[in-house]
Amino acid sequence: MPLLSRALVATASGLALVGLSLQAPSAVGSPAAATAAAQQAASRYRATIRTTAHGIPHITAETWGSLGFGSGYAAAGSSICTLADTFVTGRGERSRYFGADHRYNDGTAIDASNLEVDAFVTDLRDRHVVEGLLADPLAGPGKQARRMVRGYAAGINSWEKAHQVTDPACKGAAYLDQPVTPLDIWYGIYIANLNASDAQFVSSIVNAAPPAPGVTPKALPTRPGAVDRSALLKGLGRDRGPAFGSNATAVGGRDTTTGKGMLLGNPHFPWVGRYRFTQQQLTIPGKYDVAGASLIGSPVVNIGWNKNVAWSHTVSTAFRFTPYEYPYLGGLSYATDHGTQTLMHDVVSIAARQKDGSIKQIPEDLYRTPQGFVINAPSVLMPWSPTSFWAIRDANAEQLRTIDTFLNMGKAHDVRDLLRRQDAGGGMPWVNTTAADRDGRVLYADHSVVPHVSNAEVARCLTTTGRLLNIVAGLPGLDGTRADSSCKWGTDAGAERPGIFGPHHLPAVVRRDWVTNANDSYWLPNPKSPIEGYASIIGCERCQRTMRTRMVDAYVMDRLAGRDGLAKGDLESPRTLRATEFENRVRAGEVMRAGGALDRACARTGKKRACRILAAWDGHSNKGSVGYQIFDAFAARVPTTGVWKVPFDYRHPLSTPRGLIARAPAVVTAMSDAIAALHQAGVPLDARWGSLQVAGDRGAPPIPLGGGSGDSAGNANALASRDAPANKRFYRPVNYGSSHIQAVAFLPGGRVSVHSILTYGQSEDPTSPYSSDQTRMFSDKRWVHFAWTRAEIHRRLIDVEVVHGG
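Within any chain, residue numbers begin from 1 and follow the written order of that chain's sequence. pLDDT decides what is reported in this predicted model: residues at 70 or higher carry local features, side-chain atom pairs at 80 or more are listed and counted, and totals for whole chains, interfaces and linings draw on all residues regardless. By convention in this description, side-chain values take in all heavy atoms of the structure and omit both hydrogens and water.

### Re the packing of helix α3 (residues 64-90) against helix α8 (residues 182-193)
Item 1. Angles here are taken between N-to-C directions and fall from 0 to 180 degrees, while the axes themselves are lines fitted to C-alpha atoms, restricted in helices to the stretch in contact. Each helix is a run of DSSP H or I of at least 4 residues and each strand a run of E of at least 2, with the numbering of both proceeding from the N terminus. Remark: α3 packs on α8, axes separated minimally by 9 Å, with the N-to-C direction vectors making an angle of 85°. Accordingly, the angle class assigned to the pair α3 and α8 is roughly perpendicular. Facing T86, F87 and G90 of α3, the residues of α8 in contact are D184, I185, Y187, G188 and I191.
Item 2. Polar here means any residue outside two lists: the nonpolar Ala, Val, Leu, Ile, Met, Phe, Trp, Tyr, Cys and Pro, and the charged Asp, Glu, Lys and Arg; Gly therefore counts as polar. Across the contact of α3 with α8, the residue classes tally to four nonpolar, three polar and one charged. Orientation categories follow fixed angle ranges, with anything under 35 degrees roughly parallel, anything over 145 roughly antiparallel, 65 to 115 roughly perpendicular, and all other angles oblique. For this analysis, residues touch if any pair of their heavy atoms sits within 4.5 Å.

### What to know about the state of the cysteines
Item 1. Put simply, a disulfide is two cysteine sulfurs that come within 2.5 Å. Tallied over the full model, the rule gives four disulfides.
Item 2. One disulfide in the model links C81 with C170; its S-S distance is 2.0 Å. Its torsion about the S-S bond being -80°, the disulfide of C81 and C170 is classed as left-handed. Within this pair, whereas C81 is found in helix α3, its partner C170 is found in the loop between α7 (143-162) and α8, the two being separated by 89 residues in sequence. Just as C81 is buried, C170 falls in that class too.
Item 3. Residue C602 pairs covalently with C611 via a disulfide, S to S 2.1 Å. Between C602 and C611, the disulfide has an S-S torsion of -95° and is therefore left-handed.
Item 4. Throughout this description, buried means an accessible area under 20% of the type-specific maximum (1.4 Å probe, protein chains only), exposed means over 50%, and partly exposed covers the range between. A relative accessible area of 1% places C602 in the buried class.
Item 5. Sequence-ordered numbering of the bonded cysteines in the protein chain gives a pairing of 1-2, 3-4, 5-6, 7-8.

### Description of the packing of α7 against helix α11 (residues 402-409)
Item 1. Running from N to C, α7 and α11 cross one another at 100°; their axes reach a closest spacing of 9 Å. Comparing their axes, α11 and α7 come out roughly perpendicular. Facing Q144, A145 and M148 of α7, the residues of α11 in contact are I403, D404, L407 and N408.
Item 2. A per-class count over the contact of α7 with α11 returns four nonpolar, two polar and one charged.

### A word on the sheet that holds strand β2 (residues 56-61)
Item 1. Pairing between strands requires that DSSP locate at least two bridges from one strand to the other. In spatial order, the strands read β21-β19-β18-β10-β9-β8-β7-β2-β1-β32; together these 10 strands make up an open sheet with mixed pairing. A strand with exactly one partner marks an edge of an open sheet, and here the two such strands are β21 (508-511) and β32 (797-805). The mean inter-strand angle of the sheet, taken between neighbouring strand axes irrespective of direction, is 20°.
Item 2. Judged from the three bridges that link them, strand β8 (residues 288-295) and strand β9 (residues 303-305) form a sheet pairing that is antiparallel. Across the sheet, the residue bridging to G292 is G304, located in β9.
Item 3. Lying over the sheet, α11 contacts β8, β10 (309-315) and β18 (431-437), oriented at roughly 145° with respect to β10.

### Observations regarding helix α19 (residues 608-616)
Item 1. If you check which residues of α19 are buried, you get A610, C611, I613 and L614. Buried positions in α19, seen along its axis, are confined to an arc of 160° and lie on one side of it. Exposed side of α19, more than 90 degrees from the buried face: K608, R612 and A616 are the residues found there.
Item 2. Contacts from the buried residues of α19 go to α17 (587-593), α18 (597-603), α20 (628-635) and α21 (665-680). The arc in question is formed by the directions pointing from the helix axis toward the C-beta atoms.

### Considering the pattern of salt bridges
Two side chains with opposite charge may pair up if their charged atoms get near one another.
Item 1. Think of a salt bridge as a Lys or Arg side-chain nitrogen and an Asp or Glu carboxyl oxygen that are within 4 Å of each other. Evaluated as defined, the whole model comprises 28 salt bridges.
Item 2. With its nearest N and O atoms 2.9 Å apart, the salt bridge here joins D711 to R548. Here the residue D711 occupies a position in the loop between β25 (693-695) and β26 (719-720), and R548 occupies one in helix α15 (residues 547-560), the gap between them amounting to 163 residues.
Item 3. Look at D711 and you get buried, because its relative accessible area is 15%.
Item 4. Take R548: its relative accessible area is 3%, and that puts it in the buried class.
Item 5. Counted as one network, the salt bridges with shared partners bring together D558, R563, R585, R587 and E590.

### Some words on a positive patch on the surface
Item 1. For patches, a residue must show more than 30% relative accessible area and have no salt bridge; joins then use 9 Å for like charges and 5 Å for nonpolar side chains, namely Val, Leu, Ile, Met, Phe, Trp and Tyr. To measure how exposed things are, a 1.4 Å probe is used in the Shrake-Rupley method; for residues, cover is taken only from the protein chains shown. Neither His nor the chain ends is counted toward charge; the positive residues are Lys and Arg and the negative residues Asp and Glu. Think of each charge as sitting on NZ of Lys, CZ of Arg, CG of Asp or CD of Glu. A contiguous patch of positive charge, built from R44, K143, R147, R150 and K287, is present on the exposed surface.
Item 2. The residue R150 is located in helix α7 in this model.
Item 3. R150 gets classed as partly exposed once you look at its relative accessible area, which sits at 34%.

### What about the side chain of Q742?
Item 1. Checked against the element boundaries, Q742 lands in strand β29 (residues 740-746).
Item 2. Any pair of nitrogen or oxygen atoms within 3.5 Å is treated as a polar contact; in protein, a donor-acceptor pairing is required on top of that, and neighbouring residues in sequence qualify only through side-chain atoms on both sides. At 3.0 Å, the side chain of Q742 and the backbone oxygen of W311 are in polar contact.
Item 3. One polar contact links Q742 to H740, side chain to side chain, over a distance of 2.8 Å.
Item 4. When sequence neighbours within four positions are dropped, the list of residues in contact with Q742 reads L263, L264, G265, I303, G304, W305, W311, H755 and S756.

### Structural notes on empty space enclosed by the protein
Item 1. Of the grid points, spaced at 1 Å and generated over the protein atoms alone, those admitting a 1.4 Å probe that cannot get out make up cavities, while open sets with protein on both sides within 12 Å along at least five of seven lines make up pockets; any residue with an atom within 4 Å of a point is treated as lining. Grid points are joined across faces, edges and corners, and a volume is the space filled by probe spheres set on the points. Across all of its chains, the model carries eight cavities of 30 Å³ or more by this definition.
Item 2. Estimated volume of the largest cavity: approximately 270 Å³.
Item 3. As for the largest cavity, its lining consists of 21 residues, and the residues nearest its centre are L295, N302, F406, P429 and W430.
Item 4. Elements represented by at least two residues in the lining of the largest cavity include exactly α8, β6 (262-270) and α11.

### Digging into the packing of aromatic side chains
Item 1. Here a pair means two rings of Phe, Tyr or Trp (six-membered ring of Trp) with centres within 6.5 Å. Their orientation is stacked below 30 degrees between planes, edge-to-face above 60, and tilted elsewhere. The final tally for this structure, using the stated rule, is 30 aromatic pairs.
Item 2. On the numbers, 5.4 Å between centres and 45° between planes, the contact of F120 with F373 is tilted. Residue F120 is located in helix α5 (residues 114-126), and its partner F373 is located in strand β16 (residues 372-375); the two are separated by 253 residues in the primary sequence.
Item 3. Note on F373: relative accessible area 4%, which makes it buried.
Item 4. With centroids separated by 6.4 Å and ring planes inclined at 65°, the aromatic side chains of F269 and Y275 adopt a geometry described as edge-to-face.
Item 5. The rings of Y326, Y328, Y334, Y367, W384 and F389 are connected pair by pair, giving a single aromatic cluster.
Item 6. A positively charged side chain is recorded as over a ring if its NZ (Lys) or CZ (Arg) lies within 6 Å of the ring centre. The angle to the ring normal must also be within 35 degrees. The positively charged end of R125 is found above the aromatic ring belonging to Y187, 4.0 Å away from the centroid.
Item 7. One residue, R274, lies across the ring of Y275, its end atom 5.2 Å from the ring centre.

### Let's talk about the pairing of strand β19 (residues 442-445)
For a regular strand, the rule is simple: side chains alternate between the two faces of the sheet.
Item 1. Because side chains alternate across β19, one face comprises the buried residues V442 and Y444, and the other comprises L443 and A445, equally buried.
Item 2. Taken together, β18 and the strand that follows it, β19, pair antiparallel across an intervening segment of four residues, in which G440 is found at a positive phi of about 95°.
Item 3. Bridge count between β19 and β21: four bridges; the pairing is antiparallel. Following the sheet pairing, L443 is matched in β21 by V510.

### Quick look at α8
Item 1. The end-to-end C-alpha distance of α8 is 17 Å, a good match for the 16 Å that 12 residues give at a rise of 1.5 Å each.
Item 2. Of all 12 residues making up α8, 10 are buried, and the element is well covered by its neighbours.
Item 3. Of all the residues in α8, the buried ones are D184, I185, W186, Y187, G188, I189, Y190, I191, A192 and N193.
Item 4. Among the structural elements, α3, α5, α6 (129-134), α7 and α11 are those in contact with the buried residues of α8. A helix's residues, less one, multiplied by 1.5 Å, set its expected span.

Okay, here's the thing in structure tokens:
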């Protein structure tokens, strides 16, 4: 609908914000206008969408259902292809439309064939798992969340009826003809909840089967030293290149120029697919007003702010599941302390498109115990062998409270209230929360969904292989024979439902100085405030921090010591806090360069030209930095242990390890291999970093980007390339990393300063003007001034549309 027409509708409803020149006033009283007005009056849902610069929608409605309707309508306008793909996935129909053998990679946890994904989802559908949770008064959603989801589905359908899809990714696709139902939304949310648990094991679940008679399995290691730790951590999604991550810094009133709280949040998520963010503001006048970013398919704000509190999330180290090992007796029989039991055996049928366009039904078998799916995962020490098998109990598979949790967080008055509301929701699936409020308090908490497995239970319930899993990866492998008795998950009186830890057994701290998290464990949100004494399944204590964590903390500590060069004095201001996002310091480089060690290590390779370039490197990962490519490649190859003069010391966690041993063979080899790899890839050693690292999301032009590798090199502005869909001729086309970045500062007089950047743009459609506009701003280290108040929206308004339907 053109702007003028949308303005006419809004004016007829008394909702126009701006004084537009209205042409053809007689149209208001025409028969067509009367019909439109009657349709509006009869509509179930009605919302006003005010769009400001960069395509950001500000949605106002009078009811929760209408608010969800506006959110769904706006999300369809920016992300229809990914929404549709998400619904196809949640219906178990990927094989029908895309073929059984093609792979689905959601950029975070699932990397499996379409057939495997469909079999997993179809089993959930056949057993009505989500429907059961919807009917559960304890684990299911509340009334407001249900209304938001129903409205969201209706909003997507309404957008599709009113618009032609222009995005080439799905233009003309047959699956767009299928109306979206609320159940489609709930299945999408449910599968996202499983991201750090069952979703990691889709292939292992679908391919699990009783071992063939006479087959001798490969012997498992019996001691920690024999375990390939890197392979194990990777298989569990716990390697030092995690599938997703984030940084968050909150500075309290004691250390800010305003005397109030400030927050800098930067989730590191995929730039394409299901886990993209879209920005939005959701308002019910006088009742609810929150803004920020939502994952595609979420009608509520996941990361954001209101007038009193701002929050961001980082992926937590806690495990969401426990594996149970059962003695296998052959066939479908296994042993428990209640006697011999029989595995549940589900057979699903998947409709798969063939090369000639016909549809063939393919059966798949899945097996379960009362605890959950049986897996066959030898790479993580959990095979189905002639003597035992493993099944996964998943805490997030037992709840559908995520929308409630985020919805109610948006109503918070301060950080303590935010945490209370989060706990009452009981559905924070797999992330920490870092927050700041107007009163000058800051919060760090890992109050996510965690199985109630105490250290005492771990001690009494580990199997032999389960002990190895626990020692090497921190994942307790429990005795399945007692899964329904002495090794069953416990329950806290304060927990929202049985089987999970309650708030008193989960780590949190509220302070007035500062807290951070960058995906390390809960142990050290502030060096003055170690958090200890919690169950090991949540994370490690007194353990080494990554270089990215050390960088995030150094930004704050250097500012408060007045040594960062950003401003005079030793307090954090709104400007200095957001400036750190684009500083692009490289912590590992700073540590390794101390005393000239990095240059000496390079000299031992004999690569004189490369070493001259590395020596002249400016120590940053700016797009104009020269030589960073050498360090980035080196940092990815050098071991994390055995190369330091001063190893990690938990008493000095942010300054150790340090002192690179330049002559160490592993260091010299890593440097030599890094230089050789760059030569082999045809990467000029003296090229500016921005000529090598460019935007790589779908349809993006090769926009130069600063930032670099996170945990290995120590970039807070972490970017990565993972099978990027665009600009593959460049060394590093980025399709993962810094995403919805928000710098929120509470100011005197009730004001809020909000700067944000959505690194890949609001629209995923390459034909949209909002596809890469923010990417160019990100490249130039510029911020979007997010319109928050009515006056700010008025000033930046580019479109008004009243939408109704349902």
